[in-house]
Structure formats: structure tokens, C-alpha cells
Amino acid sequence: MTTGSDAEAPHLPVLLDEVIAALAPKPGEVIVDGTFGAGGYTRAILATGASVVAIDRDPDAIAAGRALEAGHEGRLRLVQAPFSSLDEHVEQVDGVVLDIGVSSMQLDQAERGFSFRADGPLDMRMAQAGPTAADIVNTYKASDLTRIFGLLGEERHAGRIARMIEARREKRPFTRTLELADAIETLVGRSPKDKIHPATRVFQALRIYVNDELGELSRALVAAERALKPAGRLVVVTFHSLEDRIVKRFLADRDETVAGSRHLPQVVVKAATFRRKGGGIAPGEAEVERNPRARSARLRAAVRTDASPRGDDPSVFGLPKLPAISGER
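Residues numbered from 1 in each chain as written. Predicted model: local features only at pLDDT ≥ 70, side-chain atom pairs only at ≥ 80, totals over all residues. Heavy atoms only, no water.

The protein is annotated in an unreviewed UniProt entry as Ribosomal RNA small subunit methyltransferase H from Aquamicrobium terrae. Quoted verbatim from the Sequence similarities (unreviewed entry) field of the UniProt record, the comment on the protein reads "Belongs to the methyltransferase superfamily. RsmH family." Looking at the Catalytic activity (unreviewed entry) heading of the UniProt record, one finds this comment for the protein: "cytidine(1402) in 16S rRNA + S-adenosyl-L-methionine = N(4)-methylcytidine(1402) in 16S rRNA + S-adenosyl-L-homocysteine + H(+)". (UniProt positions renumbered as here; feature names shortened; annotations may be inferred.)

Okay, structure coming up:
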């Protein structure tokens, strides 16, 4: 099978062969690529003869994909929107794939502010709208920053870093990525044995928070449940333990039949809406060597049953309790 790794694709999609095997797209089917990015999964799905509705909230990703859309004679439709709203843009579909987190394309553009490998504005917004990472760093109290860094970055120095930020910003607000990264490194220090930069976890936490990535994932799973046909396939690739935990909890919950309370006069039984397909799949050594960003990836897949969607509150799947984000999103 062609996996779509043509010259148009500037970045390496993670677990591509495994994603296509789990999705099993066929000519005439409609697949939702909920995280279009650089289009790696979409190209591979199109190569099977299936049609794709590709969603991305980043206007740059949508603009970059227009040539691909024009070249596939109506089999590709691009939608600029958060993937949590996928069921608003499609009716019953045969498959949904979600590749969670930031794309290589975003990381590699210094002006987007996702990385401190090169200096750029402290931005990190996928949709290029709403509060920036600089807004969060310069306005949130230290206790809220501590929760964000600790819960979303699992940063053991979260409190120290938050208090340093609160003190430093009184003299001059943080506006640049290297400015924040250097301040964290100066505070925490860096041993030659350290595998990652001391600012890595804080940057990860800010990115996840600014873009409400865990909330988006939880809502997207429920949206996929509504959008998939019976026997439709759900495939999710995560890159962080918090994301993977949410997916595992969702699929475990949906793979069980749930009965109402025995104390009520009438018991309501909620049938299983998905059947899991195996456990988590990790990339092999060859892929990790070829693409180090794949190291932490996990793929989980499930097949939709014919039961009605449950429509639960997505917060039940393990979202950490965080400060409400300031401003309009």
C-alpha cells in the first residue's frame, strides 16, 4: 500500500503504517483527519481511494493544504476549525484519526513561539487567536502558574519557576521564547547529564494550556463517537502521558455496558459504543531513529458499535483542574 510519503510532505507523520492499518480506509469511504497539520495522514488516506475531510484550527496549515485539496477532484475538503467540533462538519463517517499535540511544522517556525531552539515571540497559539503564552506568563498569579507547570508539564520546580516569573515580570514582561528559557535555566541550572533543557516542561505546559489541548481531545473523542458509523474506526495518536490517559479512560468507559442505579425504579442500560482493538502501539526502533519526535508516541484504536452515543460530559475522562483561561478564545 502506498503510504503517501511523497515529495509534497515536508515532515514525517508518526506511526503512519500503523495508522493506515487501523483505519483500513477503502475507496468510497469518508475519513476525518482531525489534525491535518502538514497532511501526512491525509495523503496516505487519499492514496487508498477514500475521501478525506481534514480539519485544523491553524490557518497556516489550511492555507498550505489548498493545493493538495485542489489536486484531488473533490475527494479532499479542508475545514478550519478545532477538531473538537468535527461532528459539526460531517455526518456519519467511516473513520476518524486524531494526531494530538503540536505539529513539526509549528515547532520549526520560530515566529510561532512554540519552541526555544530559536528566538521568537512567546505566542504558542495554534489558532493564532486568543491569549498568548506571554499573556499567561505576565498576568497569572504564581499559584496558578505553579498548577499549570506542575500538572501539565510535570515540572518538579514548578513553584520556584512560577515565583521567579512573578518577580522578574515586575521589571520587564516576558515577550520572547529565549528570554523565558534562559531565565528558567539560570534559576534551575543545567547538569551535563540532563537530557532535556530545563525549560522544556514549562514550554510544554504553556502550550497545552494556551491551546486547551486536553479539553479539545476529550471533546473530540465524544464528537467522534457521534460522527462515526457502526463499524467506523477511531484511531488516536498521542505524545504525552496525560493525553494517553484520557484516551485510555474514554475507550475503557465506552467498551463497557453501564447500568443505572439499582435504587431507581427503572434501570437504564447504556450499551458499549466502542470495541477496543488491542492495546497501545509504540513506534519501533527504526522509526524512532529516523524521527526522534516519535519516541513518546502511542496509538490506540477502537471500532464503533451500533449503540447510540452517550454524550457524557468530557471532563469525566481525567482532565486536571486548572485555572480558567483569561480572555476570549
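Some details on the environment of Ala-129
Mapped onto the fold, Ala-129 is located in the loop between helix H5 (104–107) and helix H6 (133–139). A residue is classified by how much of its surface remains accessible, and Ala-129, at 46% relative accessible area, is partly exposed. Sequence separation between Ala-129 and Arg-57 is 72 residues, and the spatial gap between their C-alpha atoms is 9.9 Å. (Helix = DSSP H or I, 4+ residues; strand = E, 2+ residues; numbered from the N terminus. Buried < 20%, exposed > 50% of the residue type's maximum accessible area, 1.4 Å probe, protein only.)

What about the pattern of salt bridges?
The final tally for this structure, using the stated rule, is 16 salt bridges. In this structure, the salt-bridge partner of Arg-254 is Asp-253, at a minimum N-O distance of 2.7 Å. What makes Arg-254 buried here is its relative accessible area of 0%. Judged by relative accessible area, Asp-253 falls into the partly exposed class, the value being 25%. Within the structure, one salt-bridge network assembled from shared partners comprises Glu-225, Asp-253, Arg-254 and Arg-310. (Salt bridge = Lys/Arg side-chain N within 4 Å of Asp/Glu carboxyl O.)

A closer look at the nonpolar core
Ranked by size, the top nonpolar core spans 64 residues in total, and within it Phe-149 and Leu-234 carry the most contacts. Leave out the neighbours within four places in its chain, and Phe-149 touches Glu-154, Glu-155, Ala-158, Ile-161, Ala-162, Ile-165, Val-202, Ala-205 and Leu-206. (Core = buried A, V, L, I, M, F, W, Y, C linked by side-chain atoms within 4.5 Å. Contact = heavy atoms within 4.5 Å.)

Section: the UniProt feature "binding site: S-adenosyl-L-methionine" (unreviewed entry) in the protein
Mapped onto the present numbering, the UniProt feature "binding site: S-adenosyl-L-methionine" (unreviewed entry) falls on Gly-39, Gly-40, Tyr-41, Asp-56, Phe-83, Asp-99 and Gln-106. Looking at where Asp-99 falls in the secondary structure, it is placed in strand E4 (residues 93–99).

Side note on the packing of aromatic side chains
This structure, assessed with the given rule, holds 2 aromatic pairs. Relative to Tyr-209, the ring of Tyr-140 lies with its centre 5.8 Å away and its plane at 80°, an arrangement referred to as edge-to-face. One end of the pair, Tyr-140, is in the loop between H6 and helix H7 (142–153); the other, Tyr-209, is in helix H10 (residues 200–210), and 69 residues separate them in sequence. A cation over an aromatic ring shows up here: Arg-304 above the ring of Phe-274, its NZ or CZ 5.8 Å from the ring centre. (Phe/Tyr/Trp six-rings, centres within 6.5 Å; stacked < 30°, edge-to-face > 60°. Lys NZ or Arg CZ within 6 Å of the ring centre and 35° of its normal.)

As for unusual backbone geometry
Negative phi values dominate among residues other than glycine, just as trans dominates among peptide bonds. Even without a glycine there, the phi angle at Leu-15 is positive, about 50°. Examined against the element boundaries, Leu-15 turns out to sit in the segment before helix H1 (16–23). The exposure class assigned to Leu-15 is buried, which follows from its relative accessible area of 0%. Not every positive phi belongs to a glycine, and Ala-231 is a case in point at roughly 75°. With respect to the element layout, Ala-231 can be found in strand E5 (residues 228–238).

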